[in-house]
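Read off the chains here:
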Amino acid sequence: MAEKKQSFAKSIEELEEIVHQLEQGEVPLEDAIDLYKKGMKLSQFCHDQLQNAEQQLISIMDDNGNEKPFNPTREEGQSK
């Protein structure tokens, strides 16, 4: 992947295309290895992006603007 900012959606599209090409089985071995390596990099990028999004979604701010973990099992107003 190049230095430019890669979007999650674009990475998924590229990954799907790589999988499609490899599933066809008509790619020369050297090219298949290169595609596999690129696919693994894209997969890691997407995984990292999803983990980052998850971390952002599970944190909330308290009344003082401090981050605190989100506990979906605890109802609003309950203290524990």
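Keep in mind that what you see is a predicted model, and the values were worked out from it rather than measured.

**Points about the overall build of the protein**
Thinking step 1. Secondary structure assignment for the protein yields 2 helices and 2 strands.
Thinking step 2. In sequence order, the secondary structure elements of the protein are arranged as α-α-β-β.
Thinking step 3. Each of the 80 residues in the protein was classed as buried or not, and the buried ones make up 14%.
Thinking step 4. Sequence separation of 24 or more characterises 45% of the internal contacts of the protein that already satisfy a separation of 6 or more.

**Here we look at a nonpolar patch on the surface**
Thinking step 1. Taken together, the side chains of Leu22, Tyr36 and Met40 present a nonpolar region at the surface, about 300 Å² in accessible area.
Thinking step 2. Positionally, Leu22 belongs in helix α1 (residues 8-24).

**Considerations on the packing of α1 against helix α2 (residues 29-57)**
Thinking step 1. Where α1 contacts α2, the two axes come as close as 9 Å, and the packing angle between them is 145°. In this structure, α1 crosses over α2, and the sense of that crossing is left-handed. In this structure, α1 contributes Phe8, Ser11, Ile12, Glu14, Leu15, Ile18, Gln21 and Leu22 to the contact, and α2 contributes Ala32, Leu35, Tyr36, Lys38, Gly39, Leu42, Ser43, Phe45, Cys46, Gln49 and Leu50.
Thinking step 2. Looking at the contact of α1 with α2, its residues break down into 12 nonpolar, 5 polar and 2 charged.

**Comments concerning the confidence of the model for the protein**
As a note on interpretation, predicted positions should not be read in detail where pLDDT is low.
Thinking step 1. Per-residue pLDDT for the protein averages 83, and the proportion of residues at 70 or more is 75%.
Thinking step 2. At the low end of the mean pLDDT range in the protein sits strand β1 (residues 59-61), at 69; at the high end sits α1, at 96.

**Let's talk about α2**
Helical geometry: 3.6 residues make up each α-helical turn, so side chains three or four residues apart lie on a common side.
Thinking step 1. In a regular helix each residue adds 1.5 Å, so 29 residues correspond to 42 Å; α2 covers 41 Å between its end C-alpha atoms and thus fits that length.
Thinking step 2. Looking at the packing, one finds that the buried side of α2 touches α1.

**Quick notes on α1**
Thinking step 1. Over its 17 residues, α1 extends 25 Å from the first C-alpha to the last, a length consistent with the 24 Å expected when each residue adds 1.5 Å.
Thinking step 2. Buried-residue contacts for α1 involve α2.
Thinking step 3. Immediately beyond the C-terminal end of α1, within one or two residues, lies Gly25, with a positive phi of roughly 75°.

**With respect to the side chain of Gln6**
Thinking step 1. Its place among the elements puts Gln6 in the segment before α1.
Thinking step 2. Classification of Gln6 by relative accessible area gives buried; the value is 11%.
Thinking step 3. A polar contact of 3.2 Å, which involves the side chain of Gln6, links it to the side chain of Ser11.
Thinking step 4. Within polar-contact distance, the side chain of Gln6 engages the side chain of Glu14 at 2.9 Å.

Calculation criteria
- Residues numbered from 1 in each chain as written.
- Predicted model: local features only at pLDDT ≥ 70, side-chain atom pairs only at ≥ 80, totals over all residues.
- Heavy atoms only, no water.
- Helix = DSSP H or I, 4+ residues; strand = E, 2+ residues; numbered from the N terminus.
- Buried < 20%, exposed > 50% of the residue type's maximum accessible area, 1.4 Å probe, protein only.
- Contact = heavy atoms within 4.5 Å.
- Patch = residues over 30% accessible without salt bridge, like charges linked within 9 Å, V, L, I, M, F, W, Y side chains within 5 Å.
- Areas by Shrake-Rupley, 256 points an atom, 1.4 Å probe, with all protein chains shown as cover.
- Salt bridge = Lys/Arg side-chain N within 4 Å of Asp/Glu carboxyl O.
- Axes fitted to C-alpha atoms, helices over the stretch in contact; angles between N-to-C directions.
- Left-handed = near helix turned anticlockwise from the far one by under 90°.
- Nonpolar A, V, L, I, M, F, W, Y, C, P; charged D, E, K, R; others polar.
- pLDDT = per-residue confidence, 0-100.
- Expected span 1.5 Å × (residues − 1).
- Polar contact = N/O pair within 3.5 Å; in protein donor to acceptor, adjacent residues only side chain to side chain.

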